[in-house]
Amino acid sequence: MGNTSLNSTTIHHNVILDIIYRMKIKEVMTKNALIISPDASIAEAKLMMKTNGVSGLPVVKNRKLSGIISIYDIVECLENGSVNDPVSRHMTRNIIVLEEDMPVSFGLSYFEKYRFRRFPVLNKAKELSGIITSRDINAALLNEINLELQRIDKLENTEETDSVEGKYFKQFSTRKYDFENAGKTSITIKKFLKEIGIPQDIIRRVSIAVYELEINQVVHSNGGTIQLFIEGEEIRIKAVDTGPGIAELENALTEGYSTASEWIRTQGFGAGMGLPNIKKVSDDFQISSDLIKGTEVIIKIFSGKKNETN
Amino acid sequence: MKLIDLIQKTGYQTVSAGKDDAEIKEGYTGDLLSDVMANSSSDSVLITIQAHKNTIAVATLAGIKAIVICNGRTVPDDMKQSAEVEGIALLSTKKDQFTVSAEIFNLIKA
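This report concerns the structure included in the present document.

Regarding its fold elements, chain A presents 12 helices and 12 strands. Considering only contacts in chain A between residues 6 or more positions apart, those separated by 24 or more positions represent 61%. Counting only carbon and sulfur atoms, one obtains 49% of the accessible surface of chain A, whose full area is about 16700 Å².

Here it is, written out as C-alpha cells:
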C-alpha cells in the first residue's frame, strides 16, 4: 500500500478499462455518415470522397448496407480504366460490421483483429446507423479520460484477503462488460479452496456458483463485489452489485429466461441458466434485488454435506 | 483414454497441447457456457464452436481437460494463451459438432 506511484498506475489503467466497457459504439461513431448507392459510378464515388475528404464510403440501398467502397478499390478502377462501372461491381461485399449497442472495447478489438480502417455500424433493425474509425474512438476516449480523471477520488482494490485461525475472507470486484477478466474470480477462489484442502466436489459447486455470480455482474450490472467467507464447514459467498436491479425476480430464477442482448449471447452467455444453476449447487440461497440499489445474493455451501438437489 | 491417444487417433489439429497423460473419461457438447458449466463432467473433453477465452475459464472450473473447436472456427490468440497457461488441450477441426461427438464417443465409450 505504501507505493503511491504503483497505485496511481493501477487507477489509470482501471479508468480506461471502465470507459471502454461502459461507452457504447453509438456514442462514439459518426452518425449521418456519407453513403453512396450501389448504382452510382466509380467516378461519382471518387468525386464524393475527394469533396468530403474521406477514404471510404458505405454502399447503401433502401437503408440496407450492401458493401464498402474504399479509395483502394477506386485506385484499382483507375488503373483498369473501369471508372464508369457501377460501384456495386467493385465494392467489398464481405464486410465486418459493429452493432451500435456494443461497448467501445469491441470496436477496439475489431480494429486490432481485422486491420480495416473503418467499420459500418448497424442498429437493431440491421440498418446502417453510422460509421466508426479508430480516430473517432481515440477522440472520444481522450475526452472521457479527462472527465473521468477529474472525478476520481478513491482507490479500489480488486482483491483483499484476511485470515485468522480457520476463518478466511476474500473480496474481489467485477466490472461491467469486462469479459476479458470474467472467470478470474472463480478461478482464483477455486485454486485457493484447493490449497486449503476443501474436497473436490465442494470446490466444483463453489466454482459454478461464483462463476455464474461473476458473469451476472459483468453482463447485467454496473459492476460489484464478490466476497468469500469461510468459517469451519460453512463456505459463504456474498455477491453485491451496484444496480440496476432485477425487474422480474421470479423470471430470473426460471431456467431459460434471459434478458441478455444478442452480442452477449455470441460470447456464450445469456443462456438463462445463471441463477437457477447457482440455486442448484447451493445448500442455502438468498436473493434480494432493488431496481435502483442493485442485487444481493448470499449463498452457503457446507463442505461436509452432499448436495441433495443436484 | 489418455489425452495424447485421443489427439493421435482423431487427428485434430493441436493448437495447445495440454497435458499428454491427462485421462479423458467423458465428453460434453455445447456452446452455452452456463450449460457446459452445470452439466459437463470433470476429466472430460468439450466439443464446441465457442472459440473464446471464456471457454477456457469454464473448462478450468469444470475440470475439462481438452476442448475441440469445430467447424474450423478461428481460435483467437488470447484463447490459445489462456489454454497454455491453464494446461488445457485446445484442438481444432473443420468437422461439425455432431461428427466430432460421434468420433470421440466411439473412442472413449464404445
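Moving on, there is more to tell.
Below, the discussion takes up unusual backbone geometry. Where the residue is not glycine, phi is negative for most of them; where a peptide bond is considered, it is trans in most cases. Residues and elements named next belong to chain A. Here the bond from Gly-243 into Pro-244 is cis, since omega is -5°, no more than 30 degrees from zero. Here Pro-244 is to be found in the loop between strand S10 (234–241) and helix H10 (249–252). Phi is positive for Lys-126, close to 65°, though the residue is something other than glycine. Along the chain, Lys-126 falls in the loop between strand S5 (118–122) and strand S6 (128–133).

This paragraph deals with a nonpolar patch on the surface. All names here are of chain A. A surface patch of nonpolar side chains, amounting to about 270 Å² of accessible area, comprises Ile-71, Tyr-72 and Val-75. Position of Val-75 relative to the elements: it lies in helix H4 (residues 71–80). Overall, the relative accessible area of 40% leaves Val-75 in the partly exposed class.

Successive side chains on a regular strand alternate, one facing one side of the sheet and the next facing the other. Residues and elements named next belong to chain B. Burial along strand S5 (residues 89–92) is two-sided: Ala-89 and Leu-91 and Leu-90 and Ser-92, pointing in opposite directions, are all buried. One ladder, built from three bridges, connects strand S1 (residues 13–16) with S5; its direction is antiparallel. Residue pairing for S5: Gln-13 is matched across the bridge by Ser-92. Crossover connection from strand S4 (residues 64–69) via helix H4 (residues 77–86) to parallel S5: handedness right-handed.

Moving on, we get to helix H1 (residues 3–10) of chain B. Residue and element names in this part refer to chain B. Listed as buried for H1 are Leu-3, Leu-6, Ile-7 and Thr-10. Projected down its long axis, H1 shows its buried positions confined to an angular sector of 100°, all on one face. In H1, the exposed positions angled more than 90 degrees off the buried face are occupied by Gln-8 and Lys-9. Looking at the packing, one finds that the buried side of H1 touches S1, S4, S5 and helix H5 (97–108). Following H1 by one or two positions, Gly-11 has its phi on the positive side, about 75°.

Taken residue by residue, the interface counts 23 residues in chain B and 21 residues in chain A. Taking both partners together, chain B and chain A bury about 1800 Å²; carbon and sulfur atoms supply 52% of that area. Taken together, the connections running from chain B to chain A amount to one salt bridge. Note that Lys191(A) is salt-bridged to Glu86(B), the shortest N-O span being 3.5 Å. Linking chain B with chain A are six residue pairs in polar contact (both at pLDDT 80 or more). For the side of chain B that touches chain A, the elements supplying multiple residues, two or more each, are helix H2 (33–39), helix H3 (53–62) and H4 of chain B. Of all the elements, H3(B) adds the most residues to the side of chain B that touches chain A, at seven residues.

About the thresholds
Residues numbered from 1 in each chain as written. Chains lettered and ligands numbered in written order. Predicted model: local features only at pLDDT ≥ 70, side-chain atom pairs only at ≥ 80, totals over all residues. Heavy atoms only, no water. Helix = DSSP H or I, 4+ residues; strand = E, 2+ residues; numbered from the N terminus. Contact = heavy atoms within 4.5 Å. Areas by Shrake-Rupley, 256 points an atom, 1.4 Å probe, with all protein chains shown as cover. Patch = residues over 30% accessible without salt bridge, like charges linked within 9 Å, V, L, I, M, F, W, Y side chains within 5 Å. Salt bridge = Lys/Arg side-chain N within 4 Å of Asp/Glu carboxyl O. Buried < 20%, exposed > 50% of the residue type's maximum accessible area, 1.4 Å probe, protein only. Pairing = 2+ DSSP bridges. Right-handed = clockwise from strand over helix to strand, strands pointing away. Arc of directions from axis to C-beta. Buried area = accessible area lost by both parts, 1.4 Å probe. Polar contact = N/O pair within 3.5 Å; in protein donor to acceptor, adjacent residues only side chain to side chain.

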